[in-house]
Amino acid sequence: MMLTVRNLHVDVEGKPILKGLDLEIDAGEVHAIMGPNGSGKSTLSHVLAGRDGYDITQGEVQYRGEDLLALCTEERARKGIFLALQYPVELPGVNNLTFLRESLNAIRCAHDQPELDSAAFMRRVKQCAQQIGLDETLLKRQVNVGFSGGEKKRNEILQMALLEPALAILDETDSGLDIDAMRVIADGVNALRSADRAILLITHYQRLLDYIAPDRVHVLVDGRIVRSGDRELALELEQKGYGWLTEGAAA
Amino acid sequence: MMTGEVEQRHWFRDVAQRGVLRLPVAGNRRLEQLREKANRALDDMPAIGRRQEDWRYTRIDSLLDQDFYPDETDSDTSFTSDTCPVTPLTDAWRLVFVNGRYAPQLSNDANRPDGVTLVSLAESLARDPQQAMRWLGSLAGQGRHLFHALNSAILADGLFLHVEKGVHLEQPVELLCLGAARTQATLAPLRNLVVLEAGAQLTLVERFVSEASARTFHNGLTEIRLEAGATLNHICFQDVARSAWHLDSLFVSQDTGSQYRGVSLMLGGAWSRMEYKVDFTGEDAVCDLAGLYAVGRGQLSDIHLDIDHSLPSCRSRSNFRGLLYGKGRAVFDGCIHVGEAARQTDAQLRNDNLVLAPDAEIDTKPRLEIYADEVKCSHGTTVGRLDPQQVFYLRSRGIDEAAARILLATGFAAEITRRLDDPVLCELADSLLHDRLAATADGAGGA
């Protein structure tokens, strides 16, 4: 199993957000987690990536047979976990290429691979940029500074394509994108699908799933997975909304 | 405790006296008068104390604890690149001073174009006693405090750069000031004079480096006169030893339509102070200042701006950034004065500080004094720490925390360092900052 989450309870500033979440993702699979605002979707993604400020009160997370919660953020990244942020952070003064190269080399280094020389690195980056339709001039700019919403999201997908993670978590990567941009990003994600890789899509709307077909869909309500199913579940949610599941959770 | 006034005055007189003994006979009446006047100022000027605004946050005790002596060693042979590696600028005319003394054999002023005087001040005074004396002291006058008086009292050498009307120099002029370690604490005085006639254009790069254990006190004073439409790009890159003291005072006078673009980096020194005094003597002149100070354990960096808008329609920009990465201190005291007649003044003053260590201290004091109507003036100051979201973002991409902090801090500094506009200097600034920050992250500096 790639990822196993058991009975995960997480508080933020003393307030329970995740209240016993269970989830299993196997290599080669694409899972989608859907749910209304405030259900804990982003909390789950941040906890998996190792962000500070989340108090894990109960439960465990196994990643490829290892206790994920015992690892610090950069160790997780080096072991193949990647989080595409819902709101990518601007890094004033930090050149995008420098950022990409430092990331790639940190991860290569952790796998005892040699650092790429400049020429090889540039070839890789340009190839990835082309693949996801990122304007190459953005590579020379400061990370995310002055990027449009769509450019920021593409820059996240570029990092994902470059770093080739084992488990990619996409937190509302579709939000704020027009259909064309979403298609490009979906193509980028689909290109990454492989038997030894898993992808977790976190989304509020089902429209992303028209382009990236998930193997499993989970509905997160009030900190718990209240229903899991196949693609059909996503379509059902689109028709009925979350109300019928929310009531079920409250009962 | 600030050293007592009596001791302080003794110190200045002793240091001046030791310097005077070594002076060559001027044979130049005006120069002698200038020195004598400065000598009297050493008696008359008020002692430096914390009650003065300019010195409120600056203690000079550690400096006054030392007895400084002029350097007697031969300047040309006393220095090797083994003890102090200097990456040379490509294609620059270079004047080199070792502990304030001209080193002709290390310098390179070959193939200067017509219309440019680039020479050591002492040489110029010997050759033509009147040329430099036309301007020397005309901008700095008596100076503002005892260190300025000390500079004038033993005024002997420095850079003299004069560019005739309309001459544009593509190739930069480099003034390289090397601090060499001696058995005694060493005074390195320097007096520079830069005159650009109407429409002349030039880049001047001043670099200050020293041997690791040098206990030098660089007391530099530069007068810069820009005539109508002249443009000077002026870079000051200071990275002297932590055991050294560095004072650099710039007096700039700008005539109609002239442009002064200054970029200063202050990275080294136990105490490092820069003073800018800018006056406009004509309208439509532009003064664009940017600077970066980076201080770690045991360092004090000290910036003072005094920009005087007394005539209409001039523009000034001041953008200074501070990086406090260990238990260090910095002082930023920026004053822009807009006089009654200075309508249509456009002045901005910014000071942003990034504090990486919990026990660092920054005292920042931007001041705008506006007495004119119809002006566009603003000032802003920030003191902040690294944003945890930014650190997380980098770590989530596999970059460890120490490296993430370095990337973000050098990114903060890049707003200033990219203005250096020279690949050698940009790379040098980046790698120096990187090394300092990395040493701190290992625990040496207490971040």
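Quick notes on the rules
Residues numbered from 1 in each chain as written. Chains lettered and ligands numbered in written order. Predicted model: local features only at pLDDT ≥ 70, side-chain atom pairs only at ≥ 80, totals over all residues. Heavy atoms only, no water. Helix = DSSP H or I, 4+ residues; strand = E, 2+ residues; numbered from the N terminus. Expected span 1.5 Å × (residues − 1). Contact = heavy atoms within 4.5 Å. Polar contact = N/O pair within 3.5 Å; in protein donor to acceptor, adjacent residues only side chain to side chain. Buried area = accessible area lost by both parts, 1.4 Å probe. Salt bridge = Lys/Arg side-chain N within 4 Å of Asp/Glu carboxyl O. Nonpolar A, V, L, I, M, F, W, Y, C, P; charged D, E, K, R; others polar. Buried < 20%, exposed > 50% of the residue type's maximum accessible area, 1.4 Å probe, protein only. Pairing = 2+ DSSP bridges. Phe/Tyr/Trp six-rings, centres within 6.5 Å; stacked < 30°, edge-to-face > 60°. Axes fitted to C-alpha atoms, helices over the stretch in contact; angles between N-to-C directions. Left-handed = near helix turned anticlockwise from the far one by under 90°. Arc of directions from axis to C-beta.

**Student:** Looking at this structure, how should I read helix 3 (residues 96–110) of chain A?
**Tutor:** An α-helix turns once every 3.6 residues. As a result, residues three or four positions apart point the same way. In this model, helix 3 of chain A (15 residues) spans 21 Å end to end at C-alpha, consistent with the 21 Å of a helix rising 1.5 Å per residue. Buried-residue contacts for helix 3 of chain A involve helix 2 (73–78), strand 7 (91–95), helix 4 (118–131), strand 8 (142–143) and helix 5 (149–163) of chain A together with helix 6 (388–395) of chain B. Near the N-terminus of helix 3 of chain A, the side chain that reaches the backbone nitrogen of leucine 97 of chain A, with its oxygen 2.9 Å away, is that of asparagine 95 of chain A. Two residues or fewer after helix 3 of chain A comes aspartate 112 of chain A, characterised by a positive phi angle close to 55 degrees.

**Student:** What should I look at first to understand the interface of chain B and chain A in this one?
**Tutor:** For interface size, the figure often reported is the accessible area lost on association. Opposite the 17 residues of chain B that make contact, chain A presents 31 residues. Note on chain B versus chain A: buried area summed over both sides is about 1900 Å², and carbon and sulfur give 62% of it. Looking only at chain B, the three residues that lose the most surface to chain A are Phe392, Tyr393 and Arg397 of chain B, adding up to 41% of its buried area. Across the contact surface, chain B and chain A share three salt bridges. The partner of glutamate 74 of chain A in a salt bridge is arginine 395 of chain B, with the nearest N and O atoms 2.5 Å apart. For the interface between chain B and chain A, the tally reads 11 residue pairs in polar contact (both at pLDDT 80 or more). Classifying every residue of the side of chain B that touches chain A by side-chain character gives eight nonpolar, five polar and four charged.

**Student:** Explain the pattern of salt bridges here, please?
**Tutor:** Pairs can form between side chains of opposite charge once their charged atoms are near each other. Taken as a whole, this structure holds 37 salt bridges over all chains when the rule is applied. Measuring nitrogen to oxygen at the nearest pair gives 3.2 Å for the salt bridge that ties glutamate 90 of chain A to lysine 152 of chain A. Here lysine 152 of chain A lies in helix 5 and glutamate 90 of chain A lies in the loop between strand 6 (81–84) and strand 7, a separation of 62 residues in the sequence. On the basis of relative accessibility, which here comes to 33%, the residue glutamate 90 of chain A falls in the partly exposed class. Aspartate 333 of chain B is paired through a salt bridge with arginine 367 of chain B; the nearest N and O atoms lie 2.9 Å apart. With aspartate 333 of chain B in strand 17 (residues 329–338) and arginine 367 of chain B in strand 19 (residues 361–370), this residue pair connects regions lying 34 residues apart in the sequence. Taken together, the shared-partner salt bridges in this structure form one network comprising Glu74 of chain A together with Arg395 and Glu401 of chain B.

**Student:** Help me understand the sheet that holds strand 2 (residues 15–25) of chain A, please; the structure alone is not making it clear to me.
**Tutor:** Residues and elements named next belong to chain A. Within the open sheet, the four strands sit side by side as 2-1-4-5. Their pairing is antiparallel. Each edge of the open sheet is held by one strand with a lone partner, namely strand 2 and strand 5 (66–67). Note that strand 1 (residues 3–12) and strand 2 share eight bridges and pair antiparallel. Each residue of the ladder has a partner; that of leucine 3, found in strand 2, is isoleucine 25.

**Student:** When you look at unusual backbone geometry in this model, what are you seeing that I'm missing?
**Tutor:** For residues other than glycine, phi is negative in most cases, and the peptide bonds are mostly trans. Residues and elements named next belong to chain B. Its identity is not glycine, yet glutamine 344 carries a phi of approximately 60 degrees, on the positive side. Along the chain, glutamine 344 turns up in the loop between strand 17 and strand 18 (346–355). By relative accessible area, glutamine 344 is classed as partly exposed at 45%. For glutamate 374, which is not glycine, the phi torsion reads 55 degrees and is therefore positive. Structurally, glutamate 374 is set in the loop between strand 19 and strand 20 (376–384). A relative accessible area of 53% means that glutamate 374 is categorised as exposed.

**Student:** Would you explain the packing of aromatic side chains in this entry?
**Tutor:** Each aromatic ring pair is described using two quantities: the centre-to-centre distance and the angle formed by the ring planes. Residue and element names in this part refer to chain B. For the coordinates displayed, the defined rule picks out 15 aromatic pairs over all chains. For the ring pair tryptophan 135 and phenylalanine 160, a centre distance of 6.5 Å and an interplane angle of 35 degrees mean the geometry is tilted. Here phenylalanine 160 lies in strand 5 (residues 159–163) and tryptophan 135 lies in the loop between helix 4 (121–127) and helix 5 (146–153), a separation of 25 residues in the sequence. The two residues tryptophan 135 and phenylalanine 160 agree in class, both being buried. One aromatic cluster in this structure is built from Trp11, Phe12, Trp55, Phe68, Phe147, Phe217, Trp245 and Trp271.

**Student:** I'm lost on the packing of helix 2 (residues 29–44) of chain B against helix 5 of chain B in this one. Help?
**Tutor:** Any two packed helices are characterised by the angle at which their axes cross and by the distance between the axes. All names here are of chain B. Orientation of helix 2 relative to helix 5, taken along the N-to-C sense of each, is 150 degrees, at an axis distance of 7 Å. For the pair helix 2 and helix 5, the crossing hand works out as left-handed. Contacts between helix 2 and helix 5 pair Leu34, Arg35, Ala38, Asn39, Ala41 and Leu42 from the former with Leu146, Ala149, Leu150, Ser152 and Ala153 from the latter. For the contact of helix 2 with helix 5, the class distribution of residues is eight nonpolar, two polar and one charged.

**Student:** I would appreciate a short explanation of helix 7 (residues 231–240) of chain A in the present structure.
**Tutor:** Residues and elements named next belong to chain A. Among all positions in helix 7, only Leu233, Ala234 and Leu237 are buried. Each buried residue of helix 7 sits inside an arc of 100 degrees when the element is viewed along its axis, so together they form one side. Facing away from the buried surface of helix 7 by more than 90 degrees, the exposed residues are Glu232, Glu238 and Gln239. Phi for glycine 241, located one or two positions after helix 7, is positive at around 75 degrees.

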